[in-house]
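Residue-level listing of the chains:
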Number of protein chains: 4
Amino acid sequence: MKREIKEACGVFGIYDLDGNSVSNTIYYALLSLQHRGQESCGIAVSNTNLDEKNIKCYKDMGLVSQVFNKEILKKLEGNLGIGHVRYSTTGESIKENAQPLALNYIKGTLAVAHNGNLINTKILKENLQKNGAIFHTTIDSEVIAYYIAKERVRSDSIEAAISKTMKIIKGAYSLIISSPQKLIGVRDPHGFKPLCLGKKDNSYILSSETCTLDTIGATFIRNVEPGEIITISKDGIESNKENVISESRRGRCIFEYIYFAREDSYIDNISVYKARFKAGEFLAEDSYVDADLVVGVPNSGNIGAKGYAKRSNIPFTEAFVKNSYIGRTFIKPEQSERTIAVKIKLNVLKEVVKDKRIILIDDSIVRGTTIKEIINLLKEAGAKEIHIRISSPPFICPCYFGIDVPKKDELITFNHDKEAIRKIIGSDSLEYLKVERLPQIVDGLKICNGCFTGKYPIRIK
Amino acid sequence: MKREIKEACGVFGIYDLDGNSVSNTIYYALLSLQHRGQESCGIAVSNTNLDEKNIKCYKDMGLVSQVFNKEILKKLEGNLGIGHVRYSTTGESIKENAQPLALNYIKGTLAVAHNGNLINTKILKENLQKNGAIFHTTIDSEVIAYYIAKERVRSDSIEAAISKTMKIIKGAYSLIISSPQKLIGVRDPHGFKPLCLGKKDNSYILSSETCTLDTIGATFIRNVEPGEIITISKDGIESNKENVISESRRGRCIFEYIYFAREDSYIDNISVYKARFKAGEFLAEDSYVDADLVVGVPNSGNIGAKGYAKRSNIPFTEAFVKNSYIGRTFIKPEQSERTIAVKIKLNVLKEVVKDKRIILIDDSIVRGTTIKEIINLLKEAGAKEIHIRISSPPFICPCYFGIDVPKKDELITFNHDKEAIRKIIGSDSLEYLKVERLPQIVDGLKICNGCFTGKYPIRIK
Amino acid sequence: MKREIKEACGVFGIYDLDGNSVSNTIYYALLSLQHRGQESCGIAVSNTNLDEKNIKCYKDMGLVSQVFNKEILKKLEGNLGIGHVRYSTTGESIKENAQPLALNYIKGTLAVAHNGNLINTKILKENLQKNGAIFHTTIDSEVIAYYIAKERVRSDSIEAAISKTMKIIKGAYSLIISSPQKLIGVRDPHGFKPLCLGKKDNSYILSSETCTLDTIGATFIRNVEPGEIITISKDGIESNKENVISESRRGRCIFEYIYFAREDSYIDNISVYKARFKAGEFLAEDSYVDADLVVGVPNSGNIGAKGYAKRSNIPFTEAFVKNSYIGRTFIKPEQSERTIAVKIKLNVLKEVVKDKRIILIDDSIVRGTTIKEIINLLKEAGAKEIHIRISSPPFICPCYFGIDVPKKDELITFNHDKEAIRKIIGSDSLEYLKVERLPQIVDGLKICNGCFTGKYPIRIK
Amino acid sequence: MKREIKEACGVFGIYDLDGNSVSNTIYYALLSLQHRGQESCGIAVSNTNLDEKNIKCYKDMGLVSQVFNKEILKKLEGNLGIGHVRYSTTGESIKENAQPLALNYIKGTLAVAHNGNLINTKILKENLQKNGAIFHTTIDSEVIAYYIAKERVRSDSIEAAISKTMKIIKGAYSLIISSPQKLIGVRDPHGFKPLCLGKKDNSYILSSETCTLDTIGATFIRNVEPGEIITISKDGIESNKENVISESRRGRCIFEYIYFAREDSYIDNISVYKARFKAGEFLAEDSYVDADLVVGVPNSGNIGAKGYAKRSNIPFTEAFVKNSYIGRTFIKPEQSERTIAVKIKLNVLKEVVKDKRIILIDDSIVRGTTIKEIINLLKEAGAKEIHIRISSPPFICPCYFGIDVPKKDELITFNHDKEAIRKIIGSDSLEYLKVERLPQIVDGLKICNGCFTGKYPIRIK
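**Student:** What is the right way to read the relation of the copies chain D and chain C from this model?
**Tutor:** Least-squares fitting of chain D to chain C yields an RMSD of 0.0 Å, with the superposition described by an axial translation of 0.0 Å and a rotation of 180°. Both chain copies can therefore be described as sitting about a two-fold axis. Comparing contact sets, 100% of the residues at the interface of chain D also lie at the interface in chain C, consistent with an isologous, same-surface contact.

Structure, rendered in structure tokens:
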């Protein structure tokens, strides 16, 4: 149902060494990353074959399919380009904060797209302002760009400037940068945010998720390593690993696997689908209950439900019909028509759930209002028992690295114990995935699960 | 995937005897009927409490959520109203042909919403023109309205005029009509198109499908009987059954069950979900093949796939991820980017299908291009075998009653035998539901299956 | 300034005998008639060379330049077409009432554009409804079309049907009609509304005003005579004068000369510019006052002011600057910012008016609020005396023939005598054009000046 | 007619010391400055009463009445604000280059609106980039803002930083700047661009032109002196004159008087209306010709024509009707319909010009195409003789200070002598205002007339 936890961004970059225009490909790539940010989006392109390095950039509030049209894409000619979809975490939700940032600096043009969140922005910004800097936006990305430009003055290469900048900025960042003749990918040393490399014909591609490679018909080459700077130029791929740290200190965001990434993506070689399926299996193992059907909250709980079904040997089915014509411009029902609000979007297949004992799976529980309404719909349709299983642990701590979890007082898991929540939402039972299962769903990969534990890979002052 | 066969219309009407405004309810009801027509839509309302009977009508090309906004709905005040969603079958796809028709005639106002197709329009229209009639539209509904107005001059009641009109017009029609103090539902004697009656508080409701009743929180009362005229006025419900014929001569459109209606609707008391599930079961019974997984073409084949899975004991799963951010304004890829076109909308879960023998279910096969592309995607993702099972028989004849099947030369089933089609689409096997199974999926209800057999309930000259 | 009295409509028709598309020409023609109606507009075209006579019609609320764009015009291919601009007098201001009406009747297609107002619509409509007619709109034009269609059944030609219809309908009408192979112009016997004939290359043209002919580069041939039916077909021009009455009974609307028509038009061979200029001259003759400057209210009073200046030998000048960037979407100032409202649109040239005695001319006085504000502006800018001269008599009666004068209680001239008005608006003197001068400004042409006298050419029940 | 020479910008600022919201006033002010730039516009506001100094800024491509609506203005709450209308001279015509610039710097917020053009931008920009600066736009204004921010770090006040910046930047600039608690106006030492100070209630106002003060009902206080920095804070007005130079070295743009400014404005106390009127008078004196009428090209030549008429004693009249409904979205006629293009916008009053010898005045001649078309129209309408008088000298040199004169090869005056031009445009005679008359039309004020002479107040490398 409605996504209550929000991701910062999705980033994409492409360099066509044969000189073909890349704006259409960026458009389709951004469509495949739209789930990572629905607030604003943008594309910046340049042409490596021209002497004058001009960046053409277009960005606005809205979905990719709303912001761009044929004429706009036509004007964005160029063989080197980057794209961005955004949901605001730092910086307000205004046009000026849309990305990519397209800039001029000492070496010509610079475009920057950023996914993640720094934790030392304030001090960095003050340092720059003390030297006369002016800021057009309130986003971290401008601070990063400034440091790169500043370091570039006394560095031999853009990569050297980026490498120095990485020693200064702290936090989560996957960056895609285009400079006059190069496409550059950067991933923070802890590897919070995903970034992968692909190829199609004679184009190199960087993207937040592998599902983009499938969409545009590209081949996956490898993941950008946490701490790595990867450069694509007409001379091919180069890698700078100065800032790489040991695997033991890394902390990939577990929430990408549980919630954000698209299920057909692989993040650091782990299938998102499989991680969610396993979470369902572990739930079945740890919190079995006898029932007639396993059902997922559409669409977030479906994969977990299939895992639970498989391990428990209780049949999986779909119990809901979603109205696919609602759209964004849809007029929300008044408060007094609150029950209509859910039913417009979702109807229960009575045929399926009547007189049945149901295990209902969702991937997380935030405010508890959605699950409560769905439980209600099932009851109205004649379900006999409803057992809730959540394929992640309860949220108890904030995220400092780019995930917008609601404030503590809006988090039902922060204020109530399990039994209290069960009563509020009206289910017959309620269980969560255990925290110790988290590493297991990603085959033991080093993760950050701070939002469930309060323990983060970087110290937060 | 893309709907290649198109329905004419969805109709809705409501009369709030307590005098409350109904425009918001009509809006939500039309959203629940949007699958029946996405070309244009409209709402016409009047106020039974005012002396001057004025119809306010607003209609335009586009989806319900695009055409209407808060201000427009606010202007549509009234306690008696009807609504319509349309895909053009007769009449061109132009603004003028949008429905409802809002008219003035001898007794004041008349609004008409129509689902279906007449087969004697031409002669009816000529008869009217010989008496000086002028037509503003090219749709059947105007002809019907004209006859009702004409008969009304020499009839005691609007119902009598409608009843006389029913003896003249031939074909499929579910009509909802509002006259100054009445809401009237009419269903043709053969019962081609669905129409049901519901109630919410002190409002009576008529709708093409029962899913609308769920959406707006109303209770199902009963279906309008084929041939019946049902009148809702401040004196309650009245029924005129002059034109009712015997059940044996009826012919409900089987395609409503197979394809058009929403799976959570019940048409003439038969669950659409169950009909599709049974079609899958019969397919498994009649055309079993050994495999690892049963998969549906999203979303049209999913229910049939579950039926097949249950009967065959081969596990059902979902194998595709749909991009839910594509939208209508999305820029279609050029011909040269044809492969991208499918992949933008759909990606395969490699994790699920790799090295598997797959039974792929869809509800129909029209041009064969979509299923071919999906088979391709599965093969690319590593599926070992792909067996196609279609939960309806092959199309071999036109529909004269309001379903827009492509022309014969575009129908792959018309030009090719099963083996030829199998080769074209590239599957390992291909089987259809048998024609004799059709009555069984609707518990023996009298149906029209003319598009599969060439035999229609009414003689076509 | 703001037009407070509103005209019904402007009409245009063109038949290109060489078969070229006429939609662009209609577009430019409608732009030249936009002053006659700014509420809605439309174009209907057909192709005389095709067997199937299909009318393509597009109309919507808004200005010509807002409603039409290149794509829409491209779809309106055809060599025979009519156009309409509308301000509603009868019929509400809704999309359905936009014109032209495009209809099908016994002989194929029929498109109708109408300027004027009937006075026996009610009874005509009842007669039709008693025979089963249905009405889609609330405009007179549909009634006229219905009668033509009805009479056509028993007439040998469309002209015969129109001629019979003219004997039935009463009031003001200039009609342009396209039937499958003909373009037809009709003017009511009294000649209330203008209509002229022109030619360009091998195209014949009908238009409300001659300024259209200048705009599209056509040559004026002659006016359509009051009561005449003029037919343009591939055989050339034919004329039917069955309904022509004697000149003595005619009554051209004097307000076309004073106010509505564009100053570069000639109506029934009388120059609108000259009529207004003369009105100014007569004012000077009848109501001279000594002063330093003659100034017009922009732009409505400028021509009268020049006439006054010439006769009085007091120099004419412009004293105002208009802001030409305000536009329709401009946010109106709140009530509290009322003084800003005028000043945004108009500023006085202090340089010009300071310490001057000014004669200020306008063409009419309706509510009196505009002139009051302008007098204020002049006073603030230092004008010493302000003498108002209005180049038409005071309104005292309603118009039944298509001019939308405000209701009596909004007309300052109805409620107050001259001295009272002078005090309200704050001028030093106030005089009107004398009623007896009206025929003189149009060289003695027979006119209707009912709004100033209460005497109309047709009896009003 | 169409403006062929384009101005850079209009600027406006207001500080309401009583704390009232100023966004509506800025909106109306920008409407009054719209003639100075129609490409993009923007408003930036802040609230001096809040602790956190946040600038809210909204800007986009388009006219003021298109870019802003009620909701947007509502969101722009604040008692200190600046506004800008723009036509691009430096920097491309893209959204990013719209003004005001809203920035964060060491002391909080900074908004900048700029009218004019620097001549040493390139070197200034390089100096900044060498220190690590990044640029988001390609406009001069960002360079100015950067220098102010940089100097602010080591200055005691924003005024000191601005004063130091003024010593570095070279060229034409009228700046309006808002810093957290101040509204600041700056005019370059040469005084190229206008800037004036006004007051309304307890609000201080800065604007490019005095017509804005009339529009919003404010009182003119004085002009900002060339070289002055004027500061409005809660302590009142302060003035810094460190950069003021002697009057003899100043160079007000003469083109503001001839062409750009609105005729109801006073620039440096000289009436724009009067300057244009005098130009006409001098033309009559220097280039008299016997004729029947003096006519202006609408609307640019009308004031000059009145001056000519007065001095020559030949009557002034208007000879054209402009269609006021054309609008921006109007579909331009194809090349083949070229004659229509003029006639749609303009028609001649034949009544007025037939058989007359006409003196036609315009304020400038650029490509010569417009005047040629107008001469043609007059001839077609029967004018006997047409004598062209231009109330400015011929362009022969570029402007470096913010006026966008077409390229030399598009300037008819650059390529042809007077007689050649006369033949091309088809007039009976042609004369220009003499260069030596220029200072006389502005009462001897020190001006820059470089575009007519090649002599500029600042040396151009």
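**Student:** Looking at this model, I keep getting lost on the arrangement of the chains. Mind explaining?
**Tutor:** The smallest C-alpha distance separating chain A from chain C is 15 Å, and no contact links them. The two units chain B and chain D never meet; even their closest C-alpha atoms stay 15 Å apart.

**Student:** What's the story with the interface of chain A and chain D in this structure? I'm lost.
**Tutor:** Put simply, an interface is often sized by how much accessible area is lost when its parts join up. Facing 30 residues of chain A, the contacting portion of chain D comprises 30 residues. Between chain A and chain D, a total of about 2,300 Å² is buried, with carbon and sulfur atoms accounting for 53% of that surface. Its salt-bridge partner being Asp60(D), residue Lys95(A) comes within 3.3 Å of it at the nearest N-O pair. Contributions of two or more residues to the side of chain A that touches chain D are made by β4 (56-61), β6 (101-105) and α5 (140-153) of chain A. Here the element with the most residues in the side of chain A that touches chain D is α5(A); it accounts for six residues. Taken together, the residues of the side of chain A that touches chain D sort by class into 14 nonpolar, eight polar and eight charged.

**Student:** Mind showing me how you'd approach the sheet that holds strand β22 (residues 357-362) of chain D here?
**Tutor:** Sheet strands associate in pairs through backbone hydrogen bonding, adopting either a parallel or an antiparallel arrangement. Residues and elements named next belong to chain D. Taken together, five strands build an open sheet; the order of strands is β19-β18-β22-β23-β25 and the sheet is parallel. One side of each edge strand has no neighbouring strand; the edge strands of this open sheet are β19 (316-317) and β25 (429-432). Strand contacts of helix α10 (residues 302-312): β18 (293-296), β19, β22 and β23 (385-390), with the helix running at about 165° to β18, the strand carrying the most contacts. Across the face of the sheet, helix α15 (residues 418-425) comes into contact with β23 and β25 while running at roughly 130° to β25.

**Student:** Any chance you could explain helix α1 (residues 23-33) of chain B here in plain terms?
**Tutor:** The buried fraction of α1(B) is high, at 10 of 11 residues. Listing the buried residues of α1(B) in full gives Ser23(B), Thr25(B), Ile26(B), Tyr27(B), Tyr28(B), Ala29(B), Leu30(B), Leu31(B), Ser32(B) and Leu33(B).

**Student:** In this structure, what is going on with the interface of chain D and chain C? I would like to understand it.
**Tutor:** With 52 residues of chain D in contact, the opposing surface of chain C contributes 52 residues. Between chain D and chain C, roughly 4,500 Å² of surface is buried when both sides are summed, and carbon and sulfur atoms account for 55% of that area. Linking chain D to chain C there are six salt bridges. Linking Lys306(D) and Glu318(C) is a salt bridge whose minimum nitrogen-to-oxygen distance equals 2.4 Å. Counting the contacts that link chain D with chain C gives 21 residue pairs in polar contact (both at pLDDT 80 or more). Of the residues forming the side of chain D that touches chain C, the biggest block, five residues, is contributed by helix α1 (residues 23-32) of chain D. Of the residues assigned to the side of chain D that touches chain C, the class counts are 22 nonpolar, 16 polar and 14 charged.

Rules used throughout
- Each residue is numbered by its place in its chain's sequence as written, counting from 1.
- In the order they appear in the text, chains get letters beginning with A and ligands get numbers beginning with 1.
- Since the coordinates come from a predicted model, pLDDT governs what is reported: local features require at least 70, and pairs of side-chain atoms require 80 or more to be given and counted, while whole-chain, interface and lining totals use all residues.
- To get the side-chain values, all heavy atoms of the structure are used, and hydrogens and water are removed first.
- When the copies are superposed, the least-squares fit takes in the C-alpha atoms of residues with a pLDDT of at least 70 in both.
- Any two residues having at least one pair of non-hydrogen atoms within 4.5 Å are treated as being in contact.
- Computed with a 1.4 Å rolling probe, the buried area is the accessible surface lost when two parts are put together, summed over both parts.
- We define a salt bridge as a contact between a side-chain nitrogen of Lys or Arg and a carboxyl oxygen of Asp or Glu at a distance within 4 Å.
- Each helix is a run of DSSP H or I of at least 4 residues and each strand a run of E of at least 2, with the numbering of both proceeding from the N terminus.
- Asp, Glu, Lys and Arg are counted as charged, while Ala, Val, Leu, Ile, Met, Phe, Trp, Tyr, Cys and Pro are counted as nonpolar; the rest, among them Gly, fall into the polar class.
- Any two strands between which DSSP finds at least two bridges are classified as paired.
- For helices, the fitted line uses only the C-alpha atoms of the stretch in contact; every axis is such a line through C-alpha atoms, and the angle between N-to-C directions lies from 0 to 180 degrees.
- Each residue is placed in one exposure class: buried if its accessible area under a 1.4 Å probe, protein chains only, is under 20% of its type's maximum, exposed if it is over 50%, and partly exposed if it falls in between.
- For the purposes of these results, a polar contact is taken to be a pair of N or O atoms within 3.5 Å, where, inside protein, one atom must be able to donate a hydrogen and its partner to accept one; residues adjacent in sequence count only when each atom of the pair is a side-chain atom.

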